Amino acid sequence: MTDLEITRLCAQAMGYTSKPLLSLSDIILFVTIPSGHPLLPDHTERYDPLHDDAQAMALVKKFHIGLAWSGYWSAYEQGNGASGSSADLNYSICECVAKMMKEKPG
């Protein structure tokens, strides 16, 4: 999977709608985040959990991702056995969530 596909699947897992924006250097993914309140507008922000620690930790909290260190990071979701591993913590978390979304029926 490409970084963009992983990021898009993580956005989908969080319930965000996403739209890629081409820049001179790379593709940036923006998401629309619902306000959750009928009188407040939704807002759009850059979504990059591969590099944004708070966004990666939001995935850990939402999906109860387990983490382990043994020379590299392992992230795992016990519900369906999805996992990811990398020297980079955020990448292993995002890879785990992306695999979880790809394996999800429907």
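Everything discussed here concerns the structure shown above.
Here's a quick rundown of the structure.

Quick notes on the rules
- Residues numbered from 1 in each chain as written.
- Predicted model: local features only at pLDDT ≥ 70, side-chain atom pairs only at ≥ 80, totals over all residues.
- Heavy atoms only, no water.
- Helix = DSSP H or I, 4+ residues; strand = E, 2+ residues; numbered from the N terminus.
- Rg over C-alpha atoms; globule rule 2.2 N^0.38 Å.
- Buried < 20%, exposed > 50% of the residue type's maximum accessible area, 1.4 Å probe, protein only.
- Lys, Arg positive; Asp, Glu negative; His and termini not counted.
- Charge placed at Lys NZ, Arg CZ, Asp CG, Glu CD.
- Salt bridge = Lys/Arg side-chain N within 4 Å of Asp/Glu carboxyl O.
- Axes fitted to C-alpha atoms, helices over the stretch in contact; angles between N-to-C directions.
- Parallel < 35°, antiparallel > 145°, perpendicular 65-115°, else oblique.
- Left-handed = near helix turned anticlockwise from the far one by under 90°.
- Contact = heavy atoms within 4.5 Å.
- Nonpolar A, V, L, I, M, F, W, Y, C, P; charged D, E, K, R; others polar.

A tally of helices and strands in the chain yields three helices and six strands. When the helices and strands of the chain are listed from N to C terminus, the series reads α-β-β-β-α-β-β-β-α. For 106 residues, the compact-globule estimate of 2.2 N^0.38 gives 13 Å, and the chain sits close to it at 14 Å. Projecting the C-alpha coordinates of the chain onto the three principal axes gives extents of approximately 45 × 35 × 25 Å. Counting only residues that meet the buried cut, the chain has 37% of its 106 residues in that class. Averaging the coordinates of the 8 positive side-chain charges in the chain and doing the same for the 12 negative ones gives two points 6 Å apart.

Attention now goes to the pattern of salt bridges. Two side chains that carry opposite charge are able to pair once their charged atoms sit near each other. Per the counting criterion, the structure on display carries two salt bridges. Of the charged contacts, one joins Glu95 and Lys99 as a salt bridge, the two residues approaching to 3.8 Å between their closest N and O atoms. Within this pair, Glu95 and its partner Lys99 are both found in helix α3 (residues 89-103), separated by four residues, close to a single helical turn. Take Glu95: its relative accessible area is 16%, and that puts it in the buried class. On the accessibility criterion, Lys99 (29% relative accessible area) is partly exposed.

As a further point, take the packing of helix α2 (residues 53-63) against α3. At a minimum axis distance of 10 Å, the contact between α2 and α3 shows a crossing angle of 45°. Taken as axis vectors, α2 and α3 run oblique relative to one another. In the packing of α2 onto α3, the handedness of the crossing is left-handed. Side by side, α2 and α3 meet where Asp53, Ala56, Met57, Leu59, Val60 and Phe63 of the first sit next to Leu89, Asn90, Ile93, Cys94, Val97 and Met100 of the second. Among the residues forming the contact of α2 with α3, the class breakdown is 10 nonpolar, one polar and one charged.

Time to look at the packing of helix α1 (residues 3-13) against α3. Packing of α1 against α3 brings their axes to within 8 Å, and their N-to-C directions diverge by 70°. Accordingly, the angle class assigned to the pair α1 and α3 is roughly perpendicular. Classified by chirality, the crossing of α3 by α1 is left-handed. Contact residues: α1 offers Asp3, Glu5, Ile6, Leu9, Cys10, Gln12 and Ala13, while α3 offers Tyr91, Cys94, Glu95, Val97, Ala98, Met101 and Lys102. Here the contact of α1 with α3 is built from residues that sort into nine nonpolar, one polar and four charged.

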